[in-house]
Amino acid sequence: MNFSMLFAILTLFKIFKFSNTFTIRCSYEIKNLTTGFVYCCSATDFPSSSGIAVTNITGTHQDEKDNKDVTCLYIYGRWSLSFFPSNFGNFFPNIKFLVIYDTSIQTLYGNEINEFPKIQDFRLFNSNLTTISSRLFEETPKMAFVFFGNTMIERVGYNLFTPLNVTQLKWIYFQGNRCINRIASDYDITEIISLIYELRLQCPYTNEGQTTTTTRPTTTTIRTTTTTSRPTTTTSRPTTTTSVTTTSIKNLVCIDESFEDFVCYLKNTMIEIQENLETKDEKIQKIDLNLNSTRVDLKKVNEKTEDLENELTILKQKLQAKDEIINKMDTNLNATKSELYQVRDDLIQTNNKLDRVNERTTALQNDLTQANEKLNKSNERIEEVELELKASREELNDVKSRMQSLELEVLRLTTNPCACK
């Protein structure tokens, strides 16, 4: 018995654990949003059950991108999605743009987008949304663009935009909603502040404990109808015996049952209205002070902007002067280039002449070489002739010597003829 009960409990636990998980299929594409083109995951086909936790995401990324490159999430609910799906942030840590279309979501409780700390742009269109909590933007300090269009909004948290820097807000869009139909952009910060104030007045959400219209502490007391202390015939007033509800008894003008209930009710109501008006006047005064402070800040910003514009004008003048100098330098550079081109042409001509001179020199060198060779041959021949001449001279000297000898012999014979015998 105990084992079967334990098995049943485990089975129920598994069913509860896995029934609210879901696999999302993303169509990855490039979309053009407020800051330009972004890489988006477009998701559809969500279940209608509550507490959906995304446990897996499928789809093919473009090029070499991955989940870290996804900065935009498009959710198309097709009117079947009644609760905001969670756990997207674990797959896409860099989401900056969140766009939601065609859902049956009725309430944003305040923790739906906490998993996107980098988000800057939130859009929800075509929805059954009626209530927005003040805590929606508590964990998204970089939020700059807020869009709610074509919804059933009736209640907006009093401090919805308090966590955000109002000077950082670029666009607030509440168009086509039940309690408000207005747009404000960064062209005029006072418009943004005015829209936030109008939200508090037109879309009060008193259940969050915020003071919007009537904020006096109320202690509900049951109307006591004691008909025994006076006649029950009430011909002099309407028979509205359920209309006396006393709030904050110490402020009531009349609580004595001897007065007529209806007159007492009217007086109490008038006091409440007066106190509410005073409270609103105080709020308006605070808003006026804030607006004055904002105007002062804007004046300082304008003065700073004028100073920056003056500095920019000076920088433009300096830049223009530098441009003129650069133009002159360009002109001089062009002239120098022309001169260099002329020098280059002259150098080319000189090189051509030098080449011709080198060719002539080479020819002359060849002729000189040949002449040297001929001269060498001539020198060799001269040496041979000199040797032959030397030999001839030696022979001539020998002949001369022999002739002298013969002459002497002839002379001797002539002088002594008998010597020949």
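The structure presented is a predicted model; accordingly, all values stated were derived computationally and were not measured.

Draft legend 1. How the structure looks around the overall build of the protein chain. For the protein chain, the count of helices and strands is 3 helices and 12 strands. Relative to its full complement of 421 residues, the protein chain shows a buried share of 26%. Across the protein chain, every contact between residues at least 6 apart in sequence was considered, and the portion connecting residues at least 24 apart equals 66%. Surface summary for the protein chain: the accessible area is close to 28,400 Å², and the carbon and sulfur share equals 54%.

Draft legend 2. Region of interest: the state of the cysteines. Inspection of the entire model under this criterion finds 3 disulfides. Through a disulfide, Cys 40 is tied to Cys 72; the S-S separation comes to 2.4 Å. When the S-S torsion is 95°, as for the bridge of Cys 40 with Cys 72, the disulfide is right-handed. Of the two residues, Cys 40 sits in strand β2 (residues 36–43) while Cys 72 sits in strand β4 (residues 72–76), which places them 32 residues apart along the sequence. No difference in accessibility class separates Cys 40 from Cys 72, as the two residues are buried. The disulfide that involves Cys 179 links it to Cys 203, with 1.9 Å between the sulfurs. Taking the torsion about the S-S bond as the criterion, the Cys 179 to Cys 203 disulfide, at about 95°, is right-handed. Residue Cys 179 is found in the loop between β11 (171–175) and β12 (182–185), and its partner Cys 203 is found in the loop between α2 (189–202) and α3 (261–415); the two are separated by 24 residues along the sequence.

Draft legend 3. Structural detail: a negative patch on the surface. A contiguous patch of negative charge, built from Glu 303, Glu 306, Asp 307, Glu 309 and Glu 311, is present on the exposed surface. Position of Glu 303 among the secondary structure elements: in helix α3.

Draft legend 4. Just the nonpolar core, in detail. The biggest cluster of nonpolar side chains holds 50 residues, and the ones touching the most others in it are Phe 88, Phe 92, Leu 98, Phe 122, Phe 148, Phe 161 and Phe 174. Take this core: its biggest share by element is 4 residues, from α2. Residues in contact with Phe 174, not counting those within four places in the same chain, are Ile 132, Phe 148, Ile 153, Phe 161, Ile 180, Asn 181, Arg 182, Leu 195 and Leu 199. The next biggest cluster of nonpolar side chains, apart from the first, holds 7 residues, and it includes Cys 72, Tyr 74, Phe 97 and Val 99.

Draft legend 5. A look at the sheet that holds strand β8 (residues 131–132). Overall, parallel pairing links the 3 strands, which are arranged β6-β8-β10 in an open sheet. Among the strands making up the open sheet, the edge pair consists of β6 (107–108) and β10 (155–156). When β6 meets β8, the two strands line up parallel, connected through 2 bridges. Residue pairing across strands places Thr 107 opposite Thr 131, the latter belonging to β8.

Draft legend 6. Main features of the packing of aromatic side chains. Counted according to the given criterion, the structure contains 12 aromatic pairs. For the ring pair Tyr 74 and Tyr 101, a centre distance of 6.4 Å and an interplane angle of 20° mean the geometry is stacked. On the criterion of sequence distance, the pair formed by Tyr 74 in strand β4 and Tyr 101 in strand β5 (residues 97–103) is long-range, its members being 27 residues apart. With centroids separated by 6.4 Å and ring planes inclined at 75°, the aromatic side chains of Phe 122 and Phe 137 adopt a geometry described as edge-to-face. Placement of Phe 122 in strand β7 (residues 121–127) and of Phe 137 in the loop between β8 and β9 (145–149) is noted, with a sequence separation of 15 residues between them. Note on Phe 122: relative accessible area 1%, which makes it buried. An aromatic cluster is built from Tyr 74, Tyr 76, Tyr 101, Phe 125, Phe 147 and Tyr 173, whose rings are joined through pairwise contacts.

Draft legend 7. Structural detail: the pattern of salt bridges. The tally for this structure, following the rule as stated, stands at 9 salt bridges. The partner of Arg 123 in a salt bridge is Asp 121, with the nearest N and O atoms 2.9 Å apart. Asp 121 gets classed as buried once you look at its relative accessible area, which sits at 1%. A salt bridge links Glu 409 to Arg 412, with the shortest nitrogen-to-oxygen separation between them at 2.2 Å. With a gap of 3 residues between them, Glu 409 and Arg 412 both fall in helix α3, about one helical turn apart.

Draft legend 8. Molecular detail of a nonpolar patch on the surface. A cluster of nonpolar side chains, Leu 396, Val 399 and Met 403, forms an exposed patch at the surface whose accessible area comes to about 250 Å². With respect to the helices and strands, Leu 396 occurs in helix α3. In this structure Leu 396 comes out as partly exposed when scored by relative accessible area, which is 45%.

Cut-off values and rules
Residues numbered from 1 in each chain as written. Predicted model: local features only at pLDDT ≥ 70, side-chain atom pairs only at ≥ 80, totals over all residues. Heavy atoms only, no water. Helix = DSSP H or I, 4+ residues; strand = E, 2+ residues; numbered from the N terminus. Buried < 20%, exposed > 50% of the residue type's maximum accessible area, 1.4 Å probe, protein only. Contact = heavy atoms within 4.5 Å. Areas by Shrake-Rupley, 256 points an atom, 1.4 Å probe, with all protein chains shown as cover. Disulfide = S-S within 2.5 Å. Patch = residues over 30% accessible without salt bridge, like charges linked within 9 Å, V, L, I, M, F, W, Y side chains within 5 Å. Salt bridge = Lys/Arg side-chain N within 4 Å of Asp/Glu carboxyl O. Lys, Arg positive; Asp, Glu negative; His and termini not counted. Charge placed at Lys NZ, Arg CZ, Asp CG, Glu CD. Core = buried A, V, L, I, M, F, W, Y, C linked by side-chain atoms within 4.5 Å. Pairing = 2+ DSSP bridges. Phe/Tyr/Trp six-rings, centres within 6.5 Å; stacked < 30°, edge-to-face > 60°.

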